[in-house]
Amino acid sequence: MYDPLLVIGGWPLPQVDGDNYRCWEDDGVVRVEMISRRIVQEVRGGKLWRVFYACDYLPDDPLRPVLAVLRSGAPFLAQVLPDNGDKAVSSTFVVESLTEPKVLAFDGSSPIWHGLAFMLREERPHGR
C-alpha cells in the first residue's frame with residue numbers, strides 16, 4: 001500500500017494518472033543566466049527532491065488552501081512520494097513554477113477546477 005503521492009499544507013492531493021506526477025532526486029545544480037546571456041552552472045553539492053504535479057480535475061476543496069500555500073512565495077512543508085520508494089518523505093519545498101487552474105464546471109455552487117500544474121524543489125539538500 002502506497003502513501004499519498006503529495007500532501008501540501010495537510011491536504012492530500014488527488015492521485016493522478018499517466019505522467020502527471022514525478023518526484024526524483026537531482027543534484028544541487030543552479031543555472032544562472034548572466035547579463036551577457038552566458039549561462040553559468042554552479043554545483044552546490046547534495047541531493048534535492050524535485051516534484052512535478054499536474055491535475056486535470058480538482059474540487060474546490062482542497063484546491064483553495066493548497067493554492068494559497070503555493071502562491072505564498074514562502075517555503076512550506078510537504079510530503080512527497082519519491083520514485084525510489086513506497087514511503088512518503090517530508091521536507092521543506094519552494095515553488096519553481098505554477099500553472100494557474102481554470103474553472104471547468106460547477107458542482108452545485110462549488111467550482112470544479114482544471115489545469116493546475118506546478119514544479120517544486122526541495123529548499124535545502126537532504127544528502128550527498
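Residues numbered from 1 in each chain as written. Predicted model: local features only at pLDDT ≥ 70, side-chain atom pairs only at ≥ 80, totals over all residues. Heavy atoms only, no water.

Enquirer: Could you clarify how one ought to interpret the pattern of salt bridges in this entry?
Expert: Think of it this way: side chains of opposite charge can pair up when their charged atoms draw near. Counted according to the given criterion, the structure contains eight salt bridges. A salt bridge links Arg-124 to Glu-123, with the shortest nitrogen-to-oxygen separation between them at 3.7 Å. One salt-bridge network, in which partners are shared between bridges, spans Asp-26, Arg-50, Glu-96 and Arg-121. (Salt bridge = Lys/Arg side-chain N within 4 Å of Asp/Glu carboxyl O.)

Enquirer: Explanation requested: the environment of Arg-71 in the structure shown.
Expert: Within the secondary structure, Arg-71 sits in helix α1 (residues 60–71). Its relative accessible area of 52% is what places Arg-71 among the exposed residues. Sequence-wise, Arg-71 and Ala-54 are 17 residues apart; in three dimensions their C-alpha atoms are separated by 16 Å. Setting aside residues no more than four positions away along its own chain, Arg-71 makes contact with Leu-98 and Glu-100. A distance of 2.6 Å separates the side chain of Arg-71 from the side chain of Glu-100, its partner in a polar contact. (Helix = DSSP H or I, 4+ residues; strand = E, 2+ residues; numbered from the N terminus. Buried < 20%, exposed > 50% of the residue type's maximum accessible area, 1.4 Å probe, protein only. Contact = heavy atoms within 4.5 Å. Polar contact = N/O pair within 3.5 Å; in protein donor to acceptor, adjacent residues only side chain to side chain.)

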